[in-house]
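Close look at the chain arrangement
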Amino acid sequence: MGYTGFQAERRGLEANVTYLVGREENVLIWEMSLRSDRDRKVQIFPYVELGMMEFLREIQWQCYNKHQLACYPMGEVLVYRYGVENQPRPDETPLVFFAADVPVAAFDCDRDSFVGSYWSEENPVGVEQGELSDSVMYGGDPCFALQLDLELAAGEERKVHIFLGTAMTEEEILQTAARCRKADFAQRAREGLQEQWERYLSGFQCTLADKDAQTMVNIWNPYQVERNFQFSRNISYYATGTFRGVGMRDTAQDILAMIPLDTGRAREKMDLLFSQQYRDGHCNHYFFPTEGWEPVTRIHSDNHLWLIMDVYHLVMEEGSLEYLSRELPYYDGGWGSVWEHVGKSIEFTLSHMGENGFPLMLCSDWNDMLYKVCRKGKGESIWTGMQFGTVLRMMKELAGLMGESGVKYEEAYQQMQEKVNSLGWDGAWFRRCITDEGVFIGSDREPQAKIWLNTQSWAVISGLGDPDKQIAAMDSVRKYMDTELGIRKIYPAMEDYPSKEDPLTYYNKGCGENGSVFCHANTWAIIAECMLGRSDYAWKYYRQLLPMVAQARAGQERYRAEPYVYASNIFGPESDRFGLANVSWLTGTAAWMYLAVTQYLLGIRPCWEGLSVKPCLPREMLPAVVTRRFRGKVYRITIRSNDDVDVEPA
Ligand code: NOJ
């Protein structure tokens, strides 16, 4: 885990390159090994095209800013100074360097000199002519190119290391490069990474009959969880990293999956999120701890409630109330314990109820698309009501552990229950929300968007739906919304709804928020089916979204995403691109799919008394074996059937 390797072989010359970043230095290590079938001379030209750190700046300012760039050698190390004065933090911008652990025969720092006029990076003139020009660059377009001339003996394996790093000063660069060139540096970095990932992944490992599922549970799903946790939705193959910062809602959900794997890291992020909560209980929508920009302060109906789930999960994982007494700041001044913070979350929702008794939608709930529902300040979210019910139950349990009565949480829960089963019920499923004008969206009475997935699954998750209604709702999901590539989010998709002049969404039918298979929302359907004890449906919903299964079913050309990482959504059947996966990597699907499979299908869930094991697996998945780290010990859990389980110290 944590490295990328390439291999090539041509005319008896084998080359392998592994790229990795270790934990000791801010350096990307390129570890290259070469083997030749005969004695020969080889030239290597490691090359980096240098940009302007923030890519939008390069597009907008290149013609001016290039005058402030410098790229030059310092002995055998190349240095790039990005001295641009109009960038946000010029004093904090490090120097970049490039070095090798073999002698450098020549170099280029000027991109034009390396590439050549009318040549390209496909065939740089320096490489074709076998000789770099020792160019330096003070004003222009920078690059790092090295020329390394080696002699290989037949059968000899030769290792070469190249280092692309950052440091604040030239002196620091020389020191870092010297440390990197030590004989065992790359090996230690590789071993350190291996150890780090093994420690992380060993928190939960399973043996399953379904090997695709096993690969996802043991490796790729927790890997994706970690990437999401690290980057929120800010930077990925798809996202520019220029505007999304750390999202409250998304990060709070990502934390849920980090808790069982690394409570320390989870706590740090939770502290950070709580620092974005106001004294009245609401939270900033997203914020920029790295960039230091002003946060986005829009108020959404769900953000502050996710924090309660984090706290509940952490308390159950640790078996301790200690985190509840941790003092953390409010964004608008003052401090409060975590228990006070989560109490404020509840108060905020209680004081922002609509006239029908559901929470006001505000700027939207989990579903971004619903931002038009409450423009006049009246629209309500039935789904947030269900999210509220879910966390009220958690608060009640926590209150009990804190020695408080929790009766106010119980009362609020019962009120919401009454609303959900009366106004929220449409006859065969639960409605989604109420507009400013009092129209119920997600109703059979409406011409489009009649049924929405989230209010069906959360009627079960929250326990708010009457038992027969929960079953009817999830049956409607199966009947109207399921496809062989996952469950759509809405059915039927919208077009000019509720009116052409002011549609709820401009998403095309079957795309994104409007009727795609929204993978994140599918995870809750899996959990709901497990809670209903319907293992066959739960497993079907889980398996059909395994990336390798979905890719094989849709066909690689149609699916167009990685077969090992969850995507945010897949174009739905109402689009002629049905099966096209979209925005893989950074999606709430990762965290919730991990919870769905580990805590509901495999059923291994921390609770106050210990580890509860209540699997919901179909017969063909039995037996299954899990090792799980819990409160400092490792347990081996054998699931022979859903009612026949063995837990022993591993
Ligand atoms: C993606 C956003 O990042 C997330 O916050 C939101 O809940 C989903 N889209 C659904 O709208």
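1. Describing the sheet that holds strand 18 (residues 380-381)
Strand order across the open sheet formed by three strands is 18-19-20, with antiparallel pairing between neighbours. Whereas interior strands pair on both sides, the edge strands pair on one side only; in this sheet they are strand 18 and strand 20 (440-441).

2. Some remarks on the site of the ligand
In the region of the ligand, the neighbouring residues are Arg244, Arg249, Asp250, Trp366, Asn367, Asp368, Glu513 and Phe518. Within the side chain of arginine 244, one N or O atom sits 2.8 Å away from an oxygen atom of the ligand. Within the side chain of aspartate 250, a nitrogen or oxygen atom sits 2.7 Å from an oxygen atom of the ligand. Starting from 300 Å² of accessible surface for the ligand in isolation, the protein chains cover 87%. When the residues that make up the shell around the ligand are grouped by side-chain class, the tally is two nonpolar, one polar and five charged.

3. Quick notes on the packing of aromatic side chains
Counted according to the given criterion, the structure contains 35 aromatic pairs. Aromatic side chains tyrosine 72 and tyrosine 138 sit 6.1 Å apart centroid to centroid with 10 degrees between the ring planes, which places their arrangement in the stacked category. Of the two residues, tyrosine 72 is situated in strand 6 (residues 69-74) and tyrosine 138 in strand 10 (residues 137-138); the sequence distance between them amounts to 66 residues. On the basis of relative accessibility, which here comes to 59%, the residue tyrosine 138 falls in the exposed class. Judged by centre distance (5.3 Å) and plane angle (55 degrees), the rings of tryptophan 539 and tyrosine 542 are tilted. Here the residue tryptophan 539 and the residue tyrosine 542 both occupy positions in helix 16 (residues 535-544), the gap between them amounting to three residues, near one helical turn. For tyrosine 542, a relative accessible area of 0% puts it in the buried group. In textbook terms, an aromatic cluster arises when at least three aromatic residues are bridged by ring pairs, as seen for Trp197, Tyr200, Trp220, Tyr223, Tyr237, Tyr564 and Trp585. Positioned above the aromatic ring of phenylalanine 440 is the side chain of arginine 431, whose terminal nitrogen or guanidinium carbon lies 4.8 Å from the ring centre. One Lys or Arg, arginine 605, reaches over the ring of tyrosine 600 and ends 4.5 Å from the middle of that ring.

4. Describing helix 9 (residues 303-318)
Here helix 9 spans 24 Å end to end across 16 residues, near enough to the 22 Å set by a 1.5 Å rise per residue. Within helix 9, 15 of the 16 residues are buried, which leaves the element mostly enclosed by the surrounding structure. Downstream of helix 9 by one or two residues, glycine 319 has phi in the positive range, about 65 degrees.

5. Considering unusual backbone geometry
Note that the residue after tyrosine 491, namely proline 492, is joined by a cis bond; omega there is -15 degrees. Here proline 492 shows up in the loop between strand 24 (490-491) and strand 25 (517-518). Between leucine 622 and the following residue, proline 623, the backbone shows a cis peptide bond with an omega angle of 0 degrees. With respect to the helices, strands and loops of the structure, proline 623 is situated in the loop between strand 29 (610-613) and strand 30 (624-630). Backbone geometry at leucine 362 places phi at a positive 55 degrees, although glycine is not the residue there. Among the secondary structure elements, leucine 362 is positioned in the loop between helix 10 (338-350) and strand 18. Notably, arginine 631 is not glycine yet its phi reads approximately 45 degrees, a positive angle. Mapped onto the elements of the fold, arginine 631 is located in the loop between strand 30 and strand 31 (633-641).

Scoring rules and cut-offs
- Residues numbered from 1 in each chain as written.
- Predicted model: local features only at pLDDT ≥ 70, side-chain atom pairs only at ≥ 80, totals over all residues.
- Heavy atoms only, no water.
- Pairing = 2+ DSSP bridges.
- Helix = DSSP H or I, 4+ residues; strand = E, 2+ residues; numbered from the N terminus.
- Near = heavy atom within 4 Å.
- Polar contact = N/O pair within 3.5 Å; in protein donor to acceptor, adjacent residues only side chain to side chain.
- Areas by Shrake-Rupley, 256 points an atom, 1.4 Å probe, with all protein chains shown as cover.
- Nonpolar A, V, L, I, M, F, W, Y, C, P; charged D, E, K, R; others polar.
- Phe/Tyr/Trp six-rings, centres within 6.5 Å; stacked < 30°, edge-to-face > 60°.
- Buried < 20%, exposed > 50% of the residue type's maximum accessible area, 1.4 Å probe, protein only.
- Lys NZ or Arg CZ within 6 Å of the ring centre and 35° of its normal.
- Expected span 1.5 Å × (residues − 1).

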